[in-house]
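Descriptive analysis of the structure
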Amino acid sequence: MKILHVYRSEPDGDTKKLVEIVSEGREAAEFKLFEGQVDYDKLVDMVMDADKSICWW
Amino acid sequence: MANSLGIFVTNPDNMQHIMGVTKAAKAKGIKVKVFFTWSGTKLTQDPAWSELVKLADDVSICADSYKKMGFNVEDVPEGLTTEKMATQAQHGDIIENYERYMTL
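Residues numbered from 1 in each chain as written. Chains lettered and ligands numbered in written order. Predicted model: local features only at pLDDT ≥ 70, side-chain atom pairs only at ≥ 80, totals over all residues. Heavy atoms only, no water.

1. Re the overall build of chain B
- Each helix and strand in chain B was counted, giving 4 helices and 5 strands.
- Beginning at the N terminus, the succession of helices and strands in chain B can be written as β-α-β-α-β-α-β-α-β.
- Here the C-alpha radius of gyration of chain B, 12 Å, is about what a compact globule of 104 residues would show, namely 13 Å.
- Dimensions along the principal axes, computed over C-alpha positions, put chain B at roughly 35 × 25 × 20 Å.
- Split into buried and exposed, the 104 residues of chain B put 53% on the buried side.
- Long-range pairs, those at least 24 residues apart, make up 75% of the contacts in chain B with a sequence separation of at least 6.
- Counting only carbon and sulfur atoms, one obtains 49% of the accessible surface of chain B, whose full area is about 4800 Å².
- Of the side-chain charges in chain B, 11 are positive and 13 negative, and the distance between the mean point of each set is 4 Å. (Helix = DSSP H or I, 4+ residues; strand = E, 2+ residues; numbered from the N terminus. Rg over C-alpha atoms; globule rule 2.2 N^0.38 Å. Buried < 20%, exposed > 50% of the residue type's maximum accessible area, 1.4 Å probe, protein only. Contact = heavy atoms within 4.5 Å. Areas by Shrake-Rupley, 256 points an atom, 1.4 Å probe, with all protein chains shown as cover. Lys, Arg positive; Asp, Glu negative; His and termini not counted. Charge placed at Lys NZ, Arg CZ, Asp CG, Glu CD.)

2. Things to note about the state of the cysteines
- Scanning the entire structure with this criterion turns up 0 disulfides over all chains.
- No disulfide involves cysteine 55 of chain A; its sulfur sits 20 Å from the nearest other cysteine sulfur, which is in cysteine 62 of chain B.
- Since its relative accessible area comes to 11%, cysteine 55 of chain A is described here as buried. (Disulfide = S-S within 2.5 Å.)

3. Some remarks on the pairing of strand β3 (residues 58-62) of chain B
Residue and element names in this part refer to chain B.
- With 5 of 5 residues buried, β3 is to be regarded as a mostly interior element.
- Across the two faces of β3 the burial is the same, with Asp58, Ser60 and Cys62 and Val59 and Ile61 all buried.
- Looking at chain direction, β3 and strand β4 (residues 85-86) are connected through 2 bridges and run parallel. Opposite cysteine 62, over in β4, you have alanine 86 as the bridge partner.
- Note on the crossover from β3 through helix α3 (residues 63-68) to β4: the handedness is right-handed. (Pairing = 2+ DSSP bridges. Right-handed = clockwise from strand over helix to strand, strands pointing away.)

Take a look at the structure:
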């Protein structure tokens, strides 16, 4: 299963730990919405390619 | 539903992301439904709102949240009908029927 983590803000230690737990045994990718110019085309491709997306606060 | 994306919006600060994702998805031929709840309903007042309702395939809001944010439910936002002033069942529709799901 492919899982995509979308970060709406810089992840803190708790978020990183949760990401680590839910990603265990899975292929994981990440996308940062809070950093620089957002490539929405790439984001949509990644969302459609993943089996599950989690949008972190 | 194949090739579809549902976007669940709770945050009033993410209109640029909602527009960016919706535009990119529509350019790829993906069906897009956007549902606004809680303080996300404040985005009905955003200057980009009218463009969004034209661009997305389906836009609806939680009427109860809209009221709790201080709006009059009789004031239907531009581009919506009273049927789109709805309940969390619209969120359920995204979860049940759309291929992909995001929260913003």
